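Okay, here's what each chain looks like letter by letter:
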Amino acid sequence: MSQKECPACAVQIDNNAEICPICGYEFPTQPLYLKVAVWVMIFLLIIWLVL
């Protein structure tokens, strides 16, 4: 299973964890619509540069 490092306490925790069980650091999450909007903008920018 993959792990990530907590930026607050440097402990390796599960990659799917939203909160560090050691120090309580809450990993920021981005809404799906924001991720989709970013990819659409990148796609449109690439098309605009090519044409």
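Residues numbered from 1 in each chain as written. Predicted model: local features only at pLDDT ≥ 70, side-chain atom pairs only at ≥ 80, totals over all residues. Heavy atoms only, no water.

Peer 1: A description of the overall build of the protein should follow, citing residues and the corresponding values.
Peer 2: In terms of regular secondary structure, the protein is built from one helix and two strands. Taken from the N to the C terminus, the helices and strands of the protein come in the order β-β-α. Taking 51 residues into account, the globule formula puts the C-alpha radius of gyration at 10 Å, and the protein, at 17 Å, lies well above it. Referenced to the eigenvectors of the C-alpha coordinate spread, the extents of the protein come out at roughly 50 × 20 × 20 Å. Here the protein holds 51 residues, and the buried ones make up 10% of them. The contacts in the protein between residues at least 6 apart in sequence include a share of 0% that link residues at least 24 apart. (Helix = DSSP H or I, 4+ residues; strand = E, 2+ residues; numbered from the N terminus. Rg over C-alpha atoms; globule rule 2.2 N^0.38 Å. Buried < 20%, exposed > 50% of the residue type's maximum accessible area, 1.4 Å probe, protein only. Contact = heavy atoms within 4.5 Å.)

Peer 1: Before we move on, can you summarise the packing of aromatic side chains with the specific residues and values?
Peer 2: The final tally for this structure, using the stated rule, is one aromatic pair. With 5.1 Å between their ring centres and 90° between their planes, Y25 and F27 make a pair best called edge-to-face. (Phe/Tyr/Trp six-rings, centres within 6.5 Å; stacked < 30°, edge-to-face > 60°.)

Keep in mind these values describe shape, not function.
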